[in-house]
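Observations on the model geometry
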Amino acid sequence: MAQGIPDKIMSNTTLIKDLADVAKDAALLQGVLMRIHETPNSSELVTYAPFTLFPTPVPKAVFFQALAVQTHYNTLVDKISQDPDFLEEALASTIAVDDFTARLFRIHQQILKEGRSQSIVLGLNRSDYMLDQGDDGSSSLKQIEINTFAASFGGLSSRTPDVHRHVLKVAGQLEESRRILDNNPAAGLAKAVAKAWELYGSERAVVMFLVEEGQRNIFDQRYIENELWKRNISTMRKRFDDVTKTGSLDQDKRLFVREKRVFFEFTHLAGTKKVQQVLASPGVLEKFFPDQPQIVEQIRATFAGLYTLDMGPEGEKTVAMALAAPDRFVLKPQREGGGNNIYGSEICQVLQGVKESTERMAYILMDKIHPNPVQNYLLRRDGPLKISNCLSELGVFGTYVRQGKDMVMNECVGHLLRTKSSEHSDGGVAAGVAVLDNPLLV
Ligand code: ADP
Ligand code: MG
Ligand code: MG
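Basis of the calculations
- Residues numbered from 1 in each chain as written.
- Chains lettered and ligands numbered in written order.
- Predicted model: local features only at pLDDT ≥ 70, side-chain atom pairs only at ≥ 80, totals over all residues.
- Helix = DSSP H or I, 4+ residues; strand = E, 2+ residues; numbered from the N terminus.
- Rg over C-alpha atoms; globule rule 2.2 N^0.38 Å.
- Axes fitted to C-alpha atoms, helices over the stretch in contact; angles between N-to-C directions.
- Parallel < 35°, antiparallel > 145°, perpendicular 65-115°, else oblique.
- Left-handed = near helix turned anticlockwise from the far one by under 90°.
- Contact = placed C-beta atoms within 7 Å.
- Nonpolar A, V, L, I, M, F, W, Y, C, P; charged D, E, K, R; others polar.
- Pairing = 2+ DSSP bridges.
- Core = buried A, V, L, I, M, F, W, Y, C linked by C-beta atoms within 7 Å.
- Buried ≥ 20, exposed ≤ 12 C-beta atoms within 10 Å, placed from the backbone.
- Domains from an automatic or database assignment.
- Right-handed = clockwise from strand over helix to strand, strands pointing away.
- Expected span 1.5 Å × (residues − 1).
- UniProt positions renumbered as here; feature names shortened; annotations may be inferred.
- pLDDT = per-residue confidence, 0-100.

**Some points on the overall build of the chain**
Regarding its fold elements, the chain presents 15 helices and 20 strands. Relative to a compact globule of 442 residues, whose C-alpha radius of gyration would be 22 Å, the chain shows 22 Å and is just as compact. Over its C-alpha atoms, taken along the principal directions, the chain stretches across nearly 65 × 60 × 45 Å.

Shown next as structure tokens:
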């Protein structure tokens, strides 16, 4: 592995077995925890959250490029979510054929029509990237997608740097251990929530975490909850069901759950894949940053090729291109959470079925990114200890708070590296495919 972990370590099975035990204990000691699959709603039995035995080499230049562009992405997300005309135009074709997006859009419209109950906007974004490998060995940063209202693994990833540093030291790689940066997205995410809470101006306001039915990843969220409690801000965890049953809005559209006032933010449409594709069309970024060509350039440099499947000549071109070389692309519907994308020959099957109808507008086509595979060991409970060819995805957390027209906070607050075996084309940590990792800057 180039500039990574020496082969003599990677292939020493006795050492690897020892290091895996050391690594698991270090993860438990650091609090890189998850509840077990069998009892997702009890903390009696917990285990380490799946992670890589070693950190993964990431070139410094692209890593800092990703951090540097984050505040501009925050601004962009904010501008888009403030621009109903842009959203309506960008999403028109998708709304026509995709119920899910249509519903989200109607909620968004309703909120705008009723007038915002509070002029405080809180943005928590994570922009995800892969490093596309050039023929000359260079790697370039390409955005996979942006997730709005995304805080997942912001907690646990603040504890993994010490785990990997420890493993490297035990493996005799002291120099390498210094190339893992500190990272604390949990603190940064909580700081933004706290700022919004403060501007909201009510000591009684509570920050509500809307959680899923099964709560295996509770410790990750607890890091952020605890950061808020440290600032004397109350938090509560509610399942979606609880909110619909016991929640109510007062005439100022403040949400109350069981008599407690809740500080609440709606997710928005700026992070949809269709918007991502529209942003990549010529001239669109310029509309959002009219006098800032250098920002346009910085954002655009991270775009992969993205293609419309709308009805019309552009869409026809995309269909023909995808059918001619499906392995070069990923076909994406408007969904979140991993496991929805379509690859390879399946692209042809799906497109053959929808290419003559408006149904094809529910998808976008994207260039497939080819990261350099790196060997590593993926540690997961009951998983076999075996060497795998792995691909990584770098996420960068950004936060912003706006009050009326003033951006009062706009920050890049940390990163998240997730790694999966290259046999899996899709999926996140929660989906059980990707595991937590750290960049080893090279
Ligand atoms: P989701 O909202 O479901 O997370 P993503 O766009 O992030 O959707 O896609 C899910 C996964 O599919 C990514 O984490 C990545 O592993 C893979 N993927 C997505 N787009 C590409 C691409 N253009 N090239 C290679 N892999 C991709
Ligand atoms: Mg997503
Ligand atoms: Mg994703």
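**Quick word on the packing of helix 2 (residues 13-30) against helix 6 (residues 160-170)**
It is at 9 Å that the axes of helix 2 and helix 6 come closest, and there the two elements cross at 150°. The orientation of helix 2 with respect to helix 6, classified from their angle, is roughly antiparallel. When the axes of helix 2 and helix 6 are compared, the crossing they make is right-handed. Contact with helix 2, carried on its side by Leu19, Val22, Ala23, Ala26, Ala27 and Gln30, involves Asp162, Val163, His166, Val167 and Val170 of helix 6 and no other residues of that element. The residue inventory of the contact of helix 2 with helix 6, partitioned by class, reads 8 nonpolar, 2 polar and 1 charged.

**Remarks on the pairing of strand 18 (residues 406-421)**
Examined bridge by bridge, strand 17 (residues 387-403) and strand 18 share 14 bridges and lie antiparallel to one another. Paired with Gln403 across the two strands is Asp406, which belongs to strand 18. Counting the residues that bridge the hairpin from strand 17 to strand 18 gives 2 residues, and of these Gly404 lies at a positive phi of roughly 60°. Judged from the 3 bridges that link them, strand 18 and strand 19 (residues 435-437) form a sheet pairing that is antiparallel. The partner of Arg418 across the bridge, within strand 19, is Leu436.

**Brief notes about the nonpolar core**
Residues Val32, Phe51, Val167, Leu189, Val193 and Leu365 are the most contacted members of the largest nonpolar core, which totals 102 residues. Among the domains, domain 1 (7-304 + 369-441) and domain 2 (305-368) are the pair contributing at least three residues each to this core. Other than its neighbours up to four places away in sequence, Leu365 contacts Tyr307, Leu309, Thr318, Ala322, Phe329 and Leu331.

**Structural notes on the domain arrangement of the chain**
Partitioning the chain into domains gives domain 1 (7-304 + 369-441) and domain 2 (305-368). Computed from C-alpha atoms alone, the centre-to-centre distance between domain 1 and domain 2 is 26 Å. Contacts between domain 1 and domain 2 engage 22 residues on the former and 20 residues on the latter. Counting only elements with at least two residues in the side of domain 1 that touches domain 2, the list comes to helix 4 (84-97), helix 5 (99-114) and helix 11 (273-279). When grouped by side-chain class, the residues that make up the side of domain 1 that touches domain 2 number 8 nonpolar, 10 polar and 4 charged.

**A word on the pairing of strand 7 (residues 206-211)**
As paired elements, strand 7 and strand 8 (residues 235-239) share 5 bridges and run parallel to each other. Bridged to Phe209 within strand 8 is Arg237. Handedness of the β-α-β unit built from strand 7, helix 9 (residues 218-230) and strand 8 comes out right-handed.

**Quick notes on helix 9**
Over its 13 residues, helix 9 extends 18 Å from the first C-alpha to the last, a length consistent with the 18 Å expected when each residue adds 1.5 Å. Restricting attention to buried positions, one finds in helix 9 the residues Ile218, Asp220, Gln221, Arg222, Tyr223, Ile224, Glu225, Glu227 and Leu228. Tucked inside the fold, the buried residues of helix 9 contact strand 1 (33-35), helix 8 (185-200), strand 7 and strand 8. Immediately downstream of helix 9, the backbone of Asn232 shows phi near 60°, a positive value.

**So, the UniProt feature "binding site: Mg(2+)" (unreviewed entry) in the chain**
Taking the numbering used here, the UniProt-annotated feature "binding site: Mg(2+)" (unreviewed entry) corresponds to Glu145, Asn147 and Glu336. What stands out for the annotated residues spanning 192 residues is how close their C-alpha atoms remain, the widest pair being 10.0 Å apart. What makes Asn147 buried here is the crowd of 20 C-beta atoms within 10 Å. Residues contacting Asn147, with those up to four places away along its chain left out, are Asn125, Arg126, Asp128 and Gly271. By C-beta crowding, Glu336 is classed as partly exposed, having 15 other C-beta atoms within 10 Å.

**So, the sheet that holds strand 13 (residues 329-333)**
With antiparallel pairing, 4 strands are arranged side by side in an open sheet as 12-15-13-14. Looking at the sheet topology across the chains shown, the edges are occupied by strand 12 (306-307) and strand 14 (342-343). For strand 13 and strand 14, the ladder comprises 2 bridges, and the chain directions are antiparallel. Directly across from Leu331, in strand 14, lies its bridge partner Ile342.

**With respect to the confidence of the model for the chain**
Parts of the model with low pLDDT should not have their predicted coordinates read in detail. Mean pLDDT over the chain works out to 91, with 93% of the residues at or above the 70 mark. For this predicted complex, the interface confidence reaches an ipTM of 0.99, while the overall pTM sits at 0.94.

**Points about the environment of Ala322**
On the secondary structure map, Ala322 appears in helix 14 (residues 313-324). Using a count of 23 C-beta atoms within 10 Å as the deciding quantity, one classes Ala322 as buried. Considering only alpha carbons, one finds Ala322 and Ala171, 151 residues apart in sequence, at a separation of 46 Å. The contacts of Ala322, once residues within four sequence positions are left out, are Phe329, Leu331, Ile347, Leu351 and Leu365.

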